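Analysis of the macromolecular model
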Amino acid sequence: MTNLKGHAVTARPPLWSYWVVLPGFVLFWALIAWLIQSPLLPTPLQVLDTVIREATAGDLWHHLGATFGRVAVAFVLAMSLGTVIGVGMGRSATTNALFDPLLVLLLNLPALVTIILMYVWFGLVEVAAIMAVVINKVPNVAVTVREGARSLDYRLEEMASVYEFTRWQRFREVWVPQLFPYLMAATRGGLALIWKIVLVVELLGRSSGVGFQLHLAFQVFDVATILAYSLAFIAVVQLIELTILQPLERRSSRWRQPEAAHA
Amino acid sequence: MLELRIAGRDFGQPVLGEIFATVERGDRICLLGPSGIGKTTLLNAIAGLDKSIPQEAIIGRDKLRVGYLFQEHRLLPWRTLSANLQLAGATPQEAENHLASVGLKGYGHYLPDQLSLGMARRAALARCLAVKPDLLLLDEPFASLDPVMAGELKVLIAGILDANPGMAMICVTHDGGDAEILANRLWYLDGKPARLQWDDVVGEAGLIDGLLGRLRRLDLADS
């Protein structure tokens, strides 16, 4: 999470903590699994075996890919729609009056209800699955972006008027940099939520994806497969965090850390 | 070149009364008056920023290029000085020249937040020049600067005006001393609702002294 100025609220703990706590956890897990000796708690090695088996058979990539595709489409749709609505609500009292009651409704609607309704109304099809995710996510994006749009600095607006910025310049040079921390917050919150909803959507009504695999494994109490897919899933989410989100955030907040102050 | 026919502004604070005045090329107007009387409001109206004042009330504004030095620098903090000037219409080379002309040669790649207050204000002044203005609007350009920096900026602005005889200036200030250096014309805004109480052309030194004398007596009477 970031605060309004885009600075990290919670400082990341030192790197060594990851190298101590996570292996420690795996050891603890291995110890319990060894003590219990039950198929309901496979050892870390058995899970790793399952990951490798699924990966070499190609199943892992197929299902991860299906999930990832749904997440990507739902994310882009939800972010675009939510941003447009959020900016509209932040800038215009009428738009806000029109959408705010609906937001209250949608924000409190359980994700599961949307998913069931979409499947009931439109059938167990891809469009229904994506729509269910988008409908769940748009209100969160809109609320976050609305805060950003409300905090746009009127002084820079005036400056842009005096210096006759084009519409595009105003958008690109004045609005986007100010909205960026809010868009980033919406992106992070959005991805975290969308990943999870997509799994439920897949579990309830698709025949591919990580959620579908979890569903199959659950039916036969195949805990090793459940954990294998979960770990692969966590790895993908972390990969996106490290390779896309963090560099993007660093790049866009560079101007906030002046290298040298001339006082 | 510019004619004000403001019927008044009773929406929000501060309230302006009728304001009729003309600005000609080469006019160097200092706009004086008590705090909170609406000097910045009037400047915003002239800049076309006050939506409660109809465009028709500022005759000739749309034909003028206006450079506005706000109280804060209002440079885009995520863009370098050079990029900020280019967004106002300068070419990269012009941006460099304008920065050099305000004493910021070689600072084109700096971000606004890396500068001191005085430097940032000069950079904002350079952006005013980037539009090749017919009319320069300055809102308390010397506020919160130390006396040395304020003095340097005064000399700088006077130099810019001398180099561009066709350019008009309206400068909001509290300080009659600024007017002595910069102005050939004084506006005094006061009253409820605020009107231009004087609009005097300053010809010779004696007249300035006289006006400043009136001004000082008014200031004393206020306080």
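Preceding block: the structure.
Fair warning: this is a prediction, and the values are worked out from it, not measured in the lab.

**So, the overall build of chain B**
Scanning chain B from N- to C-terminus turns up 7 helices and 9 strands. For 223 residues, the compact-globule estimate of 2.2 N^0.38 gives 17 Å, and chain B sits close to it at 17 Å. For chain B, the residues scored as buried account for 57% of the 223 residues in total. Nonlocal contacts in chain B, meaning residues at least 24 apart in sequence, comprise 70% of its contacts between residues at least 6 apart. Of the accessible surface of chain B, which amounts to about 9600 Å², a share of 53% is contributed by carbon and sulfur atoms. Here chain B contributes 23 positive and 28 negative side-chain charges, whose respective centroids are spaced 4 Å apart.

**Describing the overall build of chain A**
Check the secondary structure of chain A and you find 10 helices and 0 strands. Ordered by position from the N terminus, the helices and strands of chain A form the series α-α-α-α-α-α-α-α-α-α. With the C-alpha coordinates aligned to their principal axes, the bounding extent of chain A is approximately 75 × 55 × 30 Å. Taking all 263 residues of chain A together, the buried fraction comes to 41%. The long-range share in chain A, meaning contacts at least 24 apart out of those at least 6 apart in sequence, stands at 72%. When the accessible surface of chain A is summed, it comes to about 15200 Å², and 71% of that surface belongs to carbon and sulfur atoms.

**Side note on the packing of helix H2 (residues 44-57) of chain A against helix H10 (residues 223-252) of chain A**
Residues and elements named next belong to chain A. Relative orientation of the contacting elements H2 and H10 amounts to 70°, with a least axis distance of 8 Å. Here H2 lies roughly perpendicular to H10, going by the angle between them. Here Val47, Thr50, Val51, Arg53 and Glu54 of H2 come into contact with H10, specifically with Ala224, Thr225, Leu227, Ala228, Tyr229 and Leu231. A per-class count over the contact of H2 with H10 returns 7 nonpolar, 2 polar and 2 charged.

**As for the pattern of salt bridges**
Per the stated rule, a full pass over the model turns up 19 salt bridges over all chains. We note a salt bridge from Glu126 of chain A to Arg70 of chain A, for which the minimum N-O separation is 2.4 Å. With a gap of 56 residues between them, Glu126 of chain A in helix H6 (residues 126-150) and Arg70 of chain A in helix H3 (residues 59-91) connect regions that are remote in the sequence. Of the residues examined, Glu126 of chain A reaches a relative accessible area of 31% and is grouped as partly exposed. Judged by its relative accessible area of 7%, Arg70 of chain A falls in the buried class. A salt bridge links Glu94 of chain B to Lys132 of chain B, with the nearest nitrogen and oxygen atoms 3.4 Å apart. Within this pair, whereas Glu94 of chain B is found in helix H3 (residues 92-101), its partner Lys132 of chain B is found in the loop between helix H4 (117-130) and strand E6 (135-139), the two being separated by 38 residues in sequence. The class for Glu94 of chain B is partly exposed, based on a relative accessible area of 24%. One connected set of salt bridges, linked through shared partners, spans Arg70, Glu126, Glu202 and Arg206 of chain A.

**Description of helix H1 (residues 15-36) of chain A**
All names here are of chain A. With 22 residues, H1 extends 32 Å between its outermost C-alpha atoms, agreeing within 8% with the 32 Å of an ideal straight helix rising 1.5 Å per residue. Those residues of H1 that sit buried are Ser17, Trp29 and Ala33. Along the axis of H1, the buried residues cluster in a sector spanning 115°; they form a single face. Exposed and facing more than 90 degrees away from the buried side of H1 are Trp16, Trp19, Leu27, Trp34 and Leu35. On its buried side, H1 packs onto H2 and H10.

**Overview of the interface of chain A and chain B**
Contacts between the two partners involve 21 residues from chain A, matched on the other side by 27 residues from chain B. Counting each side, the surface lost to burial between chain A and chain B is near 2200 Å², with a carbon and sulfur contribution of 61%. At the junction of chain A and chain B, the tally comes to 2 salt bridges. Put simply, Arg79 of chain B and Glu173 of chain A hold a salt bridge, and the shortest N to O gap is 2.5 Å. Listed by contribution, the elements that provide at least two residues to the side of chain A that touches chain B are helix H7 (154-162) and helix H8 (167-205) of chain A. Counted by class, the side of chain A that touches chain B contains 12 nonpolar, 4 polar and 5 charged residues.

**Here we look at H7 of chain A**
Those residues of H7 of chain A not exposed but buried are Leu156, Glu157, Glu158, Met159, Ala160 and Val162 of chain A. On its buried face, H7 of chain A sits against H3 and H8 of chain A together with helix H1 (39-47), strand E5 (66-69) and H4 of chain B. In this structure Asp153 of chain A caps H7 of chain A, since a side-chain oxygen of it lies 2.9 Å from the backbone nitrogen of Arg155 of chain A. Where H7 of chain A terminates, the next one or two residues include Glu164 of chain A, which has phi positive at roughly 50°.

**Digging into the sheet that holds strand E2 (residues 19-23) of chain B**
All names here are of chain B. Strand order in the open sheet formed by 3 strands is E2-E1-E4, and the pairing between neighbours is antiparallel. Only two strands of the sheet have a single partner each, and these edge strands are E2 and strand E4 (58-59). Across 2 bridges, strand E1 (residues 2-6) lies against E4 in antiparallel orientation. Note on E4: the bridge partner recorded for Leu4 is Ile58.

Conventions adopted
Residues numbered from 1 in each chain as written. Chains lettered and ligands numbered in written order. Predicted model: local features only at pLDDT ≥ 70, side-chain atom pairs only at ≥ 80, totals over all residues. Heavy atoms only, no water. Helix = DSSP H or I, 4+ residues; strand = E, 2+ residues; numbered from the N terminus. Rg over C-alpha atoms; globule rule 2.2 N^0.38 Å. Buried < 20%, exposed > 50% of the residue type's maximum accessible area, 1.4 Å probe, protein only. Contact = heavy atoms within 4.5 Å. Areas by Shrake-Rupley, 256 points an atom, 1.4 Å probe, with all protein chains shown as cover. Lys, Arg positive; Asp, Glu negative; His and termini not counted. Charge placed at Lys NZ, Arg CZ, Asp CG, Glu CD. Axes fitted to C-alpha atoms, helices over the stretch in contact; angles between N-to-C directions. Parallel < 35°, antiparallel > 145°, perpendicular 65-115°, else oblique. Nonpolar A, V, L, I, M, F, W, Y, C, P; charged D, E, K, R; others polar. Salt bridge = Lys/Arg side-chain N within 4 Å of Asp/Glu carboxyl O. Expected span 1.5 Å × (residues − 1). Arc of directions from axis to C-beta. Buried area = accessible area lost by both parts, 1.4 Å probe. Polar contact = N/O pair within 3.5 Å; in protein donor to acceptor, adjacent residues only side chain to side chain. Pairing = 2+ DSSP bridges.

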